[in-house]
Structure formats: structure tokens, C-alpha cells
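Here is how the chains run, residue by residue.
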Amino acid sequence: MTEGIWAALYILLLAAFTGYEVICRVPVILHTPLMSGSNFIHGVVLVGAMVALGKADTPTETVIGFIGVLLGAMNAAGGYAVTERMLKMFEKKKAP
Amino acid sequence: MEPIIQITYFLTAFLFIFGLKRMSSPMTARSGIIWAGFAMMFATVVTFFWPGLSHYTLMIIAVVIGSSIAWILAKKVSMKDMPQMIAVYNGMGGGSAAAIACVELLKNEMANTGLAALAVAGGLIGAIAFTGSVIAFAKLQGLMKERPVTFPNQQHINLIVLASSVVLGILLLSIGWGFLVPLFFAAALAFGIMMTLPIGGGDMPVVISLYNALTGLAVGFEGFAMGNAAMIVAGTVVGAAGTLLTLLMAKAMNRSLANVLFGAFGQEVTATEGEIKGSLKPIEIDDAAIMMAYADKVIIIPGYGMAVAQAQHKVRELAETLEKRGITVKYAIHPVAGRMPGHMNVLLAEANVPYEKLFDIEEVNPEFSNTDVSLVIGANDVVNPAAKTNPASPIYGMPILDVDRSKNCLVIKRGKGKGFAGIENELFFKENTRMLYGDAQDVVGKLVQSLKRL
């Protein structure tokens, strides 16, 4: 078990640096779209909520799990739609 | 099925990072979100095959309802309201992470205390991000007052609420009494609300970004607790990227994060403000049009007023009309004009204003002294000279656009009210400043008509 935790901690470390590196030289104009994009990416919480709901035993757990999936789905779908709308506008600029 | 799930999650994590990387450059940005979108779809589908799950019907219902509502709302909402949409969807993610934590804690079957502690931490952070984002949404959407809500001993009371949620979390871990779970979440949810109430509308972008980072972190922690690698990687990447983004935004506004969170910025400023000499001088549309028509160089400074009025298309038309007369037209974009960094760029891009005509603060500031007319469209704090001259001003030290140096200044403004920061703008009272009151779209439209008649 401890082995698993250590592996996960290394993942944490590397992922944190990755996040930092990806963002650190970004032009200001992209701050909003990037915030929106990262907002979409943490929508992956949906898969966790699905597992939580799928493993729920009592009615209380089921209700909370259901809410979790609902909220997670909103995060993922809404986050994608907002970001895509915003970024679509940058693409037009490619061909003058 | 297990290996296929793991492989898919691995690819998901890769594509998220790849997508985020592509999103960090304007040219590849759109493909970035599409890659990430595919990854999300695969991850969701493959999760249905996770071993030992039940409640499939409920799962499908929740996914379908949640994603359709969010999708339709996100497609319908106007561009100016994007910031609060990000806030609300971010809040949903935080709430989802908190819900996961809640189920895990109620089941109380986690392998060891370390994992349980992570579940508690993720639940706490997720719950704070949930209610905090919802309040941020309500403030930006105008469902509640944007001005900071303050009361005596607020910081102390907030601290007590936060401390009690932490203590409840620790008790939960050590004693494991199930009835503590609702108390713990109630305290965390309450803290999210109380933390956001004293923060004014102008600071919301920074706060939303912070809650975005917090949600990422919460998702990462819950990923640990559930042994879900995709969640660990995605959550942590967003947590780190979001934290950095928050600091960059705060820096662009020349504020420290602590100041944003605890400064109760945007309160009515008391007597420290110096008296402003001069008066507000209105001008007729036709006179303003003539002023621009005989200029050599016009700089347009858009602000939140342009976003509210959806005036970006009219503004482009105005610029084109001026250019036909041989006038040089540039746009000066302050990094925090509007409600979020880059808000103006997004709106002007929507109206097909060419990229090359947008200039940021360092590029454009030296040009104001040889500019005949600066046209300020619904911007206020970002052109307020008090940021340079008045150390008592709450925006003192923030870089501003030096509009006051141009030969003439036209200001389109809805009314005589103050900006986000709640302070008077002496630019509006200057000798060579003229005011055009009204809705930005309406006023700019009339300017175009008037120019075409000349």
C-alpha cells in the first residue's frame, strides 16, 4: 500500500510542475480561455463521481452520488462548450 | 476490462496535458480544447465498465441531464457573460468533488487514514470552491450586489468557521462518527460563502481563477482517495496551472492575492480621496464625430461598458469608417479591462477586429502624447490617473493606459456612476475630456451615422 502512495506522490509532483510549465509563458490574452480550459479539464471529476455513485449502497449515498455525477457532468459539458466558443474566435485570425 | 480502463485513463491524462499545452498559444488553441474534449468523452464512456458498479440508470440520467443543461446554457449565453459561466461550471466541479468525498466518508471503507485524510481535504476544498464560485456567479450575474458585504469582526468569524470545519474534519478522521459528516460539509460550504461575500465584483476574475485552482486540487485529492490516476493528473495539473494563473492575474492588477481576498476592495472610499477640480463636460454626438473626423490618429480604449452594451461590432464599424477617411485607428487593451484578463480581446475577436490593431499597455502608452482623440468606451479604472498620482487611492500603483496625455479625450459612459473600484476618475473632469452619456452600442452607432454624413 505504501508503495502505491509513493508512486502517487511522484505523479503529484510531476503533474504540478507540468501544470506550471504549461502556463508560465502564456500571453495575457489567453488567460481567460486557459482558465476556462483548465476548468473543463478538472471536469474529469465526473468519472470519479460515476464510480462513487456506482458503489453507493444506502439511499443517502445514492442521492449524494447522483448529485455528484450531475454536477460533474455540468462541469465537463459546460466547461467544454464555453471554452470552445471562446477559442473559436481565435482561430478565425489564422487566415487573414 | 481493468487494463482497458487504465489505458484509457492514461491516454486521457496525456491528452489533457497536450490539449492544455496547445491552448496556451492562440494559433493552436482551438485544437487543444477539441483534443481534451475527446479525452473526456473516452474517459466517461470507459468508466461505465468499471468493475462492480451498479445504479447505471441513475448514472446515465445524471450524465444526460447535467451535460445537456450545461451545454445548452453555455451555447446560449452572451459572450460578455462568459466569466460567470466559468465560475458556475467550476463550482459544479468543486461540488462534485465534495460529493465524492461525502460518499467515500459515509462508506468509511478507505484502506488507510492517509487516503481518508486526502478525501477529507478534497471534500473541504471542493465544498469551499462550490459555494464560493456560486456566490461569485451570483455577484457577476447581478443576482446579488457586487459591492463587498462586510460586517464587524468578519475576518475573525470567517476564521472560526474555517477552523471549525478543519477540526470537524480531523474529528471525522480520528473518531469516524458518521454524524459528523454533514456538520463538516455544512461548515465547509458556509466558509465558501463567507469567504466570497467581502470580495467586490472587480476582483472576481482573480477569485474565480483561485477557485478554479482549488477545484483542481480537490479533484486531485479525490483521485488519490479513489485510486483514479486520470483524476490525480488532471486535478494536479489544473491545481498548479490555476494557482499560477491566479498569481499572474493578481499581478496584472498590481494586487497581491492576500489583498484581493482580505482587502474588501471596492468599498466606498472615505475622505482620503482628494477633491477633484473641474466638471464633467458633455458633448453632442455630431461635435464628437467632427472631432474624430479631423483627427490624424484615434485610439480606442474599450472597457466593460462595451461588453455590457455588446458594442464591439459597432466599434469595428466606427474604426473602419474612420480608416476610410485616412485616420490611423488603434485599440489599446488594458490587461484587466472588462471582467477578466483578455476579455476585450475575445469580444473584439468576435467582431472580427484584426489582431494587429490591438495593442497592449506597454506598446501603446508612449503613443498617447501624439494621439488626437482617445475614445474611451465604458472603461474607467484602467484609465484613472489616480493610479499614478494618488497614493491613497485603492488602485494606486496599478499600471494604467495614459489616456490623459492625449490631446483630446472622449468618454462614452452609461451614467455618472463610478467604476468597479468605486472611486471617482479625475480623467473625466479634465479640461480636454468630453463625455458622451448613453449605452455604448447606441452612442457608437450614432457616431458612425454622424461620421458618414460628414
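Quick caveat: nothing in here was measured; it's all calculated off a predicted structure.

### Describing the packing of helix α6 (residues 154–175) of chain B against helix α7 (residues 180–196) of chain B
Residue and element names in this part refer to chain B. It is the contact of α6 with α7, at a shortest axis distance of 9 Å, that shows an interaxial angle of 155 degrees. If you check the angle between α6 and α7, you find them roughly antiparallel. In this structure, the crossing between α6 and α7 has a hand that is left-handed. In this structure, α6 uses Ile157, Asn158, Val161, Leu162, Ser165, Leu168, Gly169, Leu171 and Leu172 to contact α7, whose residues at the interface are Leu180, Val181, Leu183, Phe184, Ala187, Ala188, Ala190, Phe191, Met194 and Met195.

### A short note on the confidence of the model for chain B
All names here are of chain B. In this model, chain B carries an average pLDDT of 87, and 95% of its residues clear a pLDDT of 70 or more. Taken together, the stretch residues 265–273 has pLDDT below 50 and engages in 24 contacts with residues farther than four places along the chain or on a different chain. Interface confidence for the predicted complex, expressed as ipTM, amounts to 0.91; the pTM equals 0.81.

### Describing the sheet that holds strand β1 (residues 297–302) of chain B
All names here are of chain B. Spatially, 6 strands are ordered β3-β2-β1-β4-β5-β6 in an open sheet, and the strand pairing comes out parallel. The open sheet terminates on both sides in strands that have one partner only, identified here as β3 (358–360) and β6 (433–437). The average angle at which neighbouring strand axes cross in this sheet is 25 degrees, direction not considered. Direction of pairing for strand β2 (residues 328–333) relative to β3: parallel, over a ladder of 3 bridges. By the bridge assignment, Ile333 is partnered in β3 with Asp360.

What counts as what
- Residues numbered from 1 in each chain as written.
- Chains lettered and ligands numbered in written order.
- Predicted model: local features only at pLDDT ≥ 70, side-chain atom pairs only at ≥ 80, totals over all residues.
- Heavy atoms only, no water.
- Axes fitted to C-alpha atoms, helices over the stretch in contact; angles between N-to-C directions.
- Helix = DSSP H or I, 4+ residues; strand = E, 2+ residues; numbered from the N terminus.
- Parallel < 35°, antiparallel > 145°, perpendicular 65-115°, else oblique.
- Left-handed = near helix turned anticlockwise from the far one by under 90°.
- Contact = heavy atoms within 4.5 Å.
- pLDDT = per-residue confidence, 0-100.
- Pairing = 2+ DSSP bridges.

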